[in-house]
Amino acid sequence: MQVARNDPCPCGSGKKYKNCCMRQDRIKVSRDLNLGQAEGSMLNTLYSYAQLDRFQYESGEAFALYWGGRYDLSHIDNLDTEDMRRTMEWYAHDFPTRSEQRPIIDLFIAEKAAELPDEIKAMLTAWANSVTGLLRVVSVGTNGQLNLFDCLRQENLQVQSDLLARIAHEGNLLIGRLYELEGVKRLSVMTMILPGDYEPGLVEYVTNAYNIYRDTHPEATWTKFLRENGHIFHAYLLSPKAEALRPLIGPGTPFHDPVPLRDKLRAHTAERAQELQRQKMAAEQKEAPVHRTRTGIILPGSSEGSEKAKQESAKPKILIPGRDG
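Residues numbered from 1 in each chain as written. Predicted model: local features only at pLDDT ≥ 70, side-chain atom pairs only at ≥ 80, totals over all residues. Heavy atoms only, no water.

*Asks:* I keep staring at the packing of helix α2 (residues 37-50) against helix α6 (residues 118-128) and nothing clicks. Help me out?
*Replies:* Helix packing for two helices is described by the angle between their axes and how far apart those axes are. It is at 11 Å that the axes of α2 and α6 come closest, and there the two elements cross at 65 degrees. The way α2 lies across α6 gives a crossing that is right-handed. The segment α2 lies against α6, with A38, E39, M42 and L43 engaging I120, M123, L124 and W127. For the contact of α2 with α6, the residue count by class is seven nonpolar, no polar and one charged. (Axes fitted to C-alpha atoms, helices over the stretch in contact; angles between N-to-C directions. Helix = DSSP H or I, 4+ residues; strand = E, 2+ residues; numbered from the N terminus. Left-handed = near helix turned anticlockwise from the far one by under 90°. Contact = heavy atoms within 4.5 Å. Nonpolar A, V, L, I, M, F, W, Y, C, P; charged D, E, K, R; others polar.)

*Asks:* Even after reading the chapter, I still don't get the packing of α2 against helix α4 (residues 81-94), so can you show me in this structure?
*Replies:* Two numbers describe how α2 lies on α4: the axes approach to 10 Å, and their chain directions differ by 75 degrees. Between α2 and α4, the angle falls in the class roughly perpendicular. Residues L46, Y47 and A50 of α2 form the contact with α4, whose own contacting residues are M88, E89, Y91, A92 and H93. When its residues are assigned to classes, the contact of α2 with α4 shows six nonpolar, one polar and one charged. (Parallel < 35°, antiparallel > 145°, perpendicular 65-115°, else oblique.)

*Asks:* Explanation requested: a positive patch on the surface in the structure shown.
*Replies:* Taken together, the side chains of R5, K16, K18 and R26 make up a positively charged region of the molecular surface. By secondary structure assignment, the location of R26 is in helix α1 (residues 22-33). (Patch = residues over 30% accessible without salt bridge, like charges linked within 9 Å, V, L, I, M, F, W, Y side chains within 5 Å. Areas by Shrake-Rupley, 256 points an atom, 1.4 Å probe, with all protein chains shown as cover. Salt bridge = Lys/Arg side-chain N within 4 Å of Asp/Glu carboxyl O. Lys, Arg positive; Asp, Glu negative; His and termini not counted. Charge placed at Lys NZ, Arg CZ, Asp CG, Glu CD.)

*Asks:* What exactly am I supposed to notice about the nonpolar core here?
*Replies:* Soluble, globular proteins show a tendency: their nonpolar side chains are buried together. Membership of the largest hydrophobic core comes to 41 residues, with the highest contact counts inside it found for L148, L174, L194, Y198, L202 and F233. Among residues more than four places away in sequence, those in contact with L194 are N172, L173, I175, L202, L237, I249 and F255. (Core = buried A, V, L, I, M, F, W, Y, C linked by side-chain atoms within 4.5 Å. Buried < 20%, exposed > 50% of the residue type's maximum accessible area, 1.4 Å probe, protein only.)

*Asks:* Sorry, what's going on with the packing of aromatic side chains here?
*Replies:* A ring pair, where both rings are aromatic, is described by two values, the distance of the centres and the angle of the planes. Within this structure, the stated rule accounts for twelve aromatic pairs. Taking the centre distance of 5.9 Å and the plane angle of 65 degrees together, the rings of W90 and F95 count as edge-to-face. We note that W90, like F95, is buried. Clustering of aromatic rings is evident, with ring pairs tying together F63, Y66, W67, W90, Y91 and F95. For the cation-ring pair, R98 lies above Y57, with the distance from its terminal atom to the ring centre recorded as 3.8 Å. (Phe/Tyr/Trp six-rings, centres within 6.5 Å; stacked < 30°, edge-to-face > 60°. Lys NZ or Arg CZ within 6 Å of the ring centre and 35° of its normal.)

*Asks:* Explain unusual backbone geometry to me, please; I cannot follow it from the model alone.
*Replies:* The phi angle of most residues is negative, glycine excepted, and most peptide bonds adopt the trans form. The phi torsion at H75 lies on the positive side, around 60 degrees, for a residue other than glycine. Locating H75 in the fold gives a position in the loop between α3 (56-67) and α4.

*Asks:* Would you explain the side chain of H234 in this entry?
*Replies:* Relative to the helices and strands, H234 resides in helix α10 (residues 232-238). By relative accessible area, which is 5% here, H234 ends up buried. Excluding residues that lie within four positions of it along the chain, H234 makes contacts with Y66, W67 and P258.

*Asks:* Hey, could you run me through the environment of Y210 in this one?
*Replies:* The topology assignment puts Y210 in helix α8 (residues 199-216). The buried category is assigned to Y210, whose relative accessible area is 7%. Between the C-alpha atoms of Y210 and L226, which are 16 residues apart in sequence, the distance is 8.6 Å. Setting aside its immediate chain neighbours within four residues, Y210 contacts A220, T221, W222 and F225.

*Asks:* Would you mind going over α2 with me for this structure?
*Replies:* In an α-helix, one full turn covers 3.6 residues, which means residues spaced three or four apart are oriented alike. Its 14 residues place the ends of α2 20 Å apart at the C-alpha level, agreeing with the 20 Å of an ideal helix rising 1.5 Å per residue. All of the buried residues in α2 are E39, G40, M42, L43, L46, Y47, Y49 and A50. For α2, the secondary structure elements touched by its buried residues are α4, α5 (104-112), α6 and β4 (173-181). (Expected span 1.5 Å × (residues − 1).)

*Asks:* Mind showing me how you'd approach the pairing of strand β3 (residues 155-160) here?
*Replies:* Within a regular strand, the side chains alternate between the two sheet faces. As defined by bridge partners, strand β2 (residues 145-150) adjoins β3 across six bridges and the pair is classed as antiparallel. Considered in β3, the bridge of Q145 is made with Q160. In sequence, β2 turns back onto β3 through a hairpin of four residues, with Q154 there showing a positive phi of about 60 degrees. (Pairing = 2+ DSSP bridges.)

Below, the structure written as structure tokens:
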């Protein structure tokens, strides 16, 4: 559906489209247009594999971990595609399966890569070795090159991304999977952009978690920690620690806010719980035997066809609260 700049935003905010979701929608379109055919096709294949019935347990556990709770997903629609694609990227690359204790992408390579062209195998291997990182844009060069600073490892690096070179600006933060292919460092397609104001809080939050992790894994490196805990950046965005910064992201900005989807999941789950409770109570009331006396008073728990009930119904009486059943 084409939406004009001055039309009401389809999200229902009441704002004009240009002042609400237009900038983020254009970034989504640009991301898809910059996704190479081979890369896009392989991502679709990988994500379809990750949703096989054999991984039903893993997909449920991963969703609960990434979104910080167990939610009822039945009868829910219009889940944000940006959030779902980012969830799927992390799940397929990082979440270990219950039986093999390996990420799904590793199983996919072991089972499917033999029949794929060499260039696709190389791309899959690079993805499998990727690690989510927190990077600050130092400057944007020419021909899609970005000069970045790794906020956790405290080092500089150069990354190639035509898309990010167009939409990211100096001082922005990037949360994405860093990998190397054909000698060139790249960032995954679902890399998130945030304003630089998020850097101090994110660095403190993740560093504290890393230090706690090293108490039980003294030899752990940032790479090992982030491969096992890549969801930690998303956890921060959903936490109360980031609440004060939320006015900087969301509709009207180029920065995506995952909190609305989390709140939608919470509300839907609560509504479903209430609905199921109503259905349970209705079923119990329907199944409970009742008996109506000659005076018209319903006596729950009596068997309508029992001889005793018939005898009782022949004796009109006044029910006294607190004494009579």
